[in-house]
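Residue-level listing of the chains:
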Amino acid sequence: MTGEATLDLLGRLGGSRVDPAWRRELLDRLELAASDLRRRTREYSTGMKRKLGIVQAFQADPPLLVLDEPTEGLDPLMQEVFYELVAEMRRRGRTIFMSSHVLPEVERVCDRIGLLRDGELVLLATVQEVRGLAGRRVRVSFHADVAAPPSFPPDCEVIGVQPRLWDLRVRGTMAPIVALLTALPVADLDVQMPHLEEVLRTYYAQPPSPGKRGQTPLTPAPKRGLTLFQRTDVMIRATTVLALHSTTARARRGDRHGRRARRLSVPAHTGRRRPRS
């Protein structure tokens with residue numbers, strides 16, 4: 001089956017009208033030429049299959065998209081195109097669920113993050129809220145020796161204190177620590193925002209207490225926007241969109257005739273190969 005036939009078939013199976021102009025724009029932005037669409041999909045490279053899958057997912061402009069590792073196999077330029085498409089769909093009010101093990105990508109494109117541990121959703125929060133779990137790393141250097149105060153502000157964790165260097169972790173507002181530094185000979189102030197990898201590694205390093213599931217507070221799920229569902233081990237080494245399927249399974253038990261979320265998937269080979277005569 002050719003790339004064009006694959007898009008036509010999956011478009012018909014979706015049951016929604018596909019705007020030819022919108023599909024053409026997607027193909028142009030992802031640099032899939034007409035000659036590429038006439039080739040059989042089994043001849044496609046990994047990157048071409050991924051681009052065809054993105055076109056298939058976006059071509060009907062669906063209200064909900066479920067994407068499993070959507071940028072895997074894409075070169076950096078095509079990744080940027082994908083991020084632009086996601087931002088455009090977000091402005092249209094569409095909802096996108098995606099799994100990804102590339103945490104900088106998550107920080108860039110996602111509004112909310114869902115974390116699963118032992119098959120249970122234990123956290124649903126915004127990217128900023130997840131960063132707040134770790135706090136900001138603050139390093140203060142001084143022109144002269146400075147004595148440490150008897151006590152630091154309540155939201156300030158001391159990592160290391162030397163006469164000319166303080167290494168702190170601040171959760172919440174920076175106002176108390178800035179007020180403490182106003183009368184001191186500060187040479188430099190370096191504030192580092194925490195990365196999601198640091199937060200998640202710490203979070204998953206804590207084993208769940210038996211019999212105490214579901215105690216992590218959850219925030220209400222958004223009606224629109226982007227949410228990433230990520231299933232990880234302690235070192236955050238594996239991701240799967242099956243985590244999303246497990247959370248929706250309970251709702252489907254009560255509504256067996258509900259809509260089924262479609263997963264982005266383009267087969268490497270479709271149909272049987274005819275024997276040569």
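Bear in mind the structure is a predicted one, so any value in this text is a computation, not a measurement. (Residues numbered from 1 in each chain as written. Predicted model: local features only at pLDDT ≥ 70, side-chain atom pairs only at ≥ 80, totals over all residues. Heavy atoms only, no water.)

Novice: How should I be thinking about empty space enclosed by the protein in this particular structure?
Specialist: Gaps left between atoms show up when a probe the size of a water molecule is rolled over them. Enumeration over the complete set of coordinates arrives at 1 cavity of 30 Å³ or more. Counted as a void, the largest cavity has a volume near 40 Å³. In this structure, the largest cavity is lined by Pro-153, Asp-155, Cys-156, Val-170, Thr-173, Pro-176 and Ile-177. Of the residues that constitute the lining of the largest cavity, the class distribution is 5 nonpolar, 1 polar and 1 charged. (1 Å grid on protein atoms, 1.4 Å probe; cavity = no way out; pocket = protein on both sides within 12 Å on 5 of 7 lines; lining within 4 Å. Points joined across faces, edges and corners; volume = space filled by probe spheres on them. Nonpolar A, V, L, I, M, F, W, Y, C, P; charged D, E, K, R; others polar.)

Novice: Please explain helix H5 (residues 76–91) as it appears in this structure.
Specialist: Since the α-helix packs 3.6 residues into each turn, any two residues three or four apart lie on the same face. The end-to-end C-alpha separation of H5 is 23 Å, in line with the 22 Å expected for 16 residues at 1.5 Å each. Listed as buried for H5 are Met-78, Val-81, Phe-82, Tyr-83, Leu-85, Val-86, Glu-88 and Met-89. Sitting at the head of H5, Asp-75 places a side-chain oxygen 3.0 Å from the backbone nitrogen of Leu-77. (Helix = DSSP H or I, 4+ residues; strand = E, 2+ residues; numbered from the N terminus. Expected span 1.5 Å × (residues − 1). Buried < 20%, exposed > 50% of the residue type's maximum accessible area, 1.4 Å probe, protein only. Polar contact = N/O pair within 3.5 Å; in protein donor to acceptor, adjacent residues only side chain to side chain.)

Novice: When you look at the side chain of Glu-105 in this model, what are you seeing that I'm missing?
Specialist: Summarising the element assignment, Glu-105 is placed in helix H6 (residues 103–109). Buried and unpaired, Glu-105 has Arg-108 as its nearest opposite-charge partner, separated by 8.4 Å. Here Thr-71 takes part through its side chain, which lies 2.6 Å from a polar atom of the side chain of Glu-105. Filtering out sequence-adjacent residues up to four positions away, Glu-105 remains in contact with Thr-71, Tyr-83, Met-98 and Ser-100. (Lys, Arg positive; Asp, Glu negative; His and termini not counted. Salt bridge = Lys/Arg side-chain N within 4 Å of Asp/Glu carboxyl O. Contact = heavy atoms within 4.5 Å.)

Novice: Can you help me understand helix H2 (residues 20–29) in this one?
Specialist: Those residues of H2 that sit buried are Trp-22, Arg-23, Leu-26 and Leu-27. Buried residues of H2, viewed axially, fall in a sector of 140°; they line one side. Facing away from the buried surface of H2 by more than 90 degrees, the exposed residues are Pro-20 and Ala-21. Backbone nitrogen of Ala-21 and a side-chain oxygen of the N-cap are separated by 3.2 Å at the start of H2; the cap is Asp-19. Just downstream of H2, Glu-31 is the residue with a positive phi angle, here 60°. (Arc of directions from axis to C-beta.)

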